[in-house]
Amino acid sequence: MMETLEYKIDINAPKEKVWNTMLQLDTYKQWTDVSWPGSTYVGEWKEGQAIRFLGGEDQGGTYAELHEVRPYERIHAVHSAVIAPDGALDKDSEMAKGWVGSTESYTFTEKDGKTEIKVHIKTNPAWASMFDEGWPSALEKLKEICER
């Protein structure tokens, strides 16, 4: 059973700037670091590609397939594995079974030079508190970086 979570924020910047700031590796590391220290990714934000979301050193991470990428509008990712600290993909452990199938979508909507970014997550309820604690701060940091 999946739980649906949603987070959103209005940013005083055009959606192209918000998109680029959210996804370029150097700024991605800045806004995610406030909630998930050491976060990074490996991969390209292109439809049909996979992204490895990684924590700090020796923490592992998650493996997501990008099912939809519409530049400056929407991204939809489906998590298909957990990444062990040694880099191996894990789909079979109890933790992985609770994570595989989780989805994340990001929607960018611009009106009058301001962009609303909406994060929509479907995940196992066991992960909800991590997202509830992390996403609001991360989005505030993203807003700060975009509005500089």
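Our subject is the structure that appears above.
None of the values given here were measured: they were computed from a predicted structure.

K.L.:
For the pairing of strand 5 (residues 74-83), give the residues involved together with the corresponding values.
P.N.:
The two faces of the sheet receive side chains in turn, since in a regular strand these alternate between them. Burial within strand 5 is extensive, with nine of its 10 residues counted as buried. Looking at chain direction, strand 4 (residues 61-70) and strand 5 are connected through nine bridges and run antiparallel. Along strand 5, the bridge assignment pairs Tyr63 with Ala81. Where strand 4 hands over to strand 5, the hairpin turn is made up of three residues, of which Tyr72 adopts a positive phi near 70°. Two strands pair when backbone bridges link them, and strand 5 and strand 7 (residues 103-111) are joined in this way by five bridges, in the antiparallel orientation. Looking at the pairing, His76 lines up with Ser105 of strand 7. Taking the residues that link successive antiparallel strands as the turn, the strand 5-strand 6 (residues 89-90) hairpin has five residues, and the phi of Gly87 there is positive, at about 95°.

K.L.:
Could you give me a rundown of the side chain of Ser39, with the residues and numbers involved?
P.N.:
Structurally, Ser39 can be placed in the loop between helix 2 (25-33) and strand 2 (40-43). Given the relative accessible area of 12%, Ser39 is considered buried. One polar contact links the side chain of Ser39 to the main-chain carbonyl oxygen of Trp36, over a distance of 2.6 Å. Among residues more than four places away in sequence, those in contact with Ser39 are Tyr28, Lys29, Thr32, Leu54 and Gly55.

K.L.:
An account of the layout of surface pockets is requested, with residue identities and associated values reported.
P.N.:
A volume near 570 Å³ is recorded for the largest pocket. In this structure, the largest pocket is lined by 30 residues; those nearest its centre are Trp36, Phe53, Gly61, Thr62 and Met130. Counting residues per element, the ones that place at least two in the lining of the largest pocket are helix 2, strand 3 (50-54), strand 4, strand 5, helix 3 (94-99), strand 7 and helix 4 (128-146). When its residues are assigned to classes, the lining of the largest pocket shows 19 nonpolar, 10 polar and one charged.

K.L.:
So what's going on with the side chain of Thr21? Residues and values would help.
P.N.:
Tracing the backbone through its elements, the reader meets Thr21 in helix 1 (residues 15-23). A polar contact is formed between the side chain of Thr21 and the backbone oxygen of Lys17, at a distance of 2.7 Å.

K.L.:
Describe the environment of Ala96, naming the residues involved and giving the relevant values.
P.N.:
Locating Ala96 in the fold gives a position in helix 3. Sequence separation of Ala96 and Val82 is 14 residues, and the distance between their C-alpha atoms is 5.5 Å. Other than its neighbours up to four places away in sequence, Ala96 contacts Val82, Asp90 and Lys91.

K.L.:
Residues and numbers for the packing of helix 2 against helix 4, please.
P.N.:
Helix 4 packs onto helix 2 with a crossing angle of 135° between their chain directions and a minimal axis gap of 7 Å. By the angle between their directions, the pair helix 2 and helix 4 is classed as oblique. The way helix 2 lies across helix 4 gives a crossing that is right-handed. Judged by residue contacts, Thr27, Gln30 and Trp31 of helix 2 engage Trp135, Ala138, Lys141, Leu142 and Ile145 from helix 4. In terms of residue class, the contact of helix 2 with helix 4 is built from five nonpolar, two polar and one charged.

Conventions used here
- Sequence order as written defines the numbering, with residues in each chain counted from 1.
- Totals for whole chains, interfaces and linings use all residues, but because this is a predicted model, local features are given only for residues with pLDDT of at least 70 and pairs of side-chain atoms are given and counted only at 80 or more.
- Processing note: side-chain calculations cover all non-hydrogen atoms of the structure and skip hydrogens and water entirely.
- With a 1.4 Å probe rolled over the protein chains alone, any residue whose accessible area is under 20% of its type maximum counts as buried; one over 50% counts as exposed, and the rest are partly exposed.
- The numbering of helices and of strands both runs from the N terminus, where a helix is a DSSP run of H or I of at least 4 residues and a strand a run of E of at least 2.
- Here, strands pair whenever DSSP counts at least two bridges between them.
- For the purposes of these results, a polar contact is taken to be a pair of N or O atoms within 3.5 Å, where, inside protein, one atom must be able to donate a hydrogen and its partner to accept one; residues adjacent in sequence count only when each atom of the pair is a side-chain atom.
- In this description, contact between two residues means that some pair of their heavy atoms is separated by no more than 4.5 Å.
- For each structure, a 1 Å grid was placed over the protein atoms alone; sets of points admitting a 1.4 Å probe that cannot get out are labelled cavities, open sets with protein on both sides within 12 Å along at least five of seven lines are labelled pockets, and lining residues have an atom within 4 Å of a point.
- Grid points are joined across faces, edges and corners, and a volume is the space filled by probe spheres set on the points.
- Residues are grouped as follows: Ala, Val, Leu, Ile, Met, Phe, Trp, Tyr, Cys and Pro are nonpolar; Asp, Glu, Lys and Arg are charged; all remaining types, including Gly, are polar.
- Axis lines are fitted through C-alpha atoms, for helices just across the contact stretch, and the angle between N-to-C directions can take any value from 0 to 180 degrees.
- To sort the angles, those under 35 degrees are grouped as roughly parallel, those over 145 as roughly antiparallel, those from 65 to 115 as roughly perpendicular, and the leftovers as oblique.
- Note: crossing handedness is left-handed where the near helix turns anticlockwise from the far helix by less than a right angle, and right-handed where it turns clockwise.

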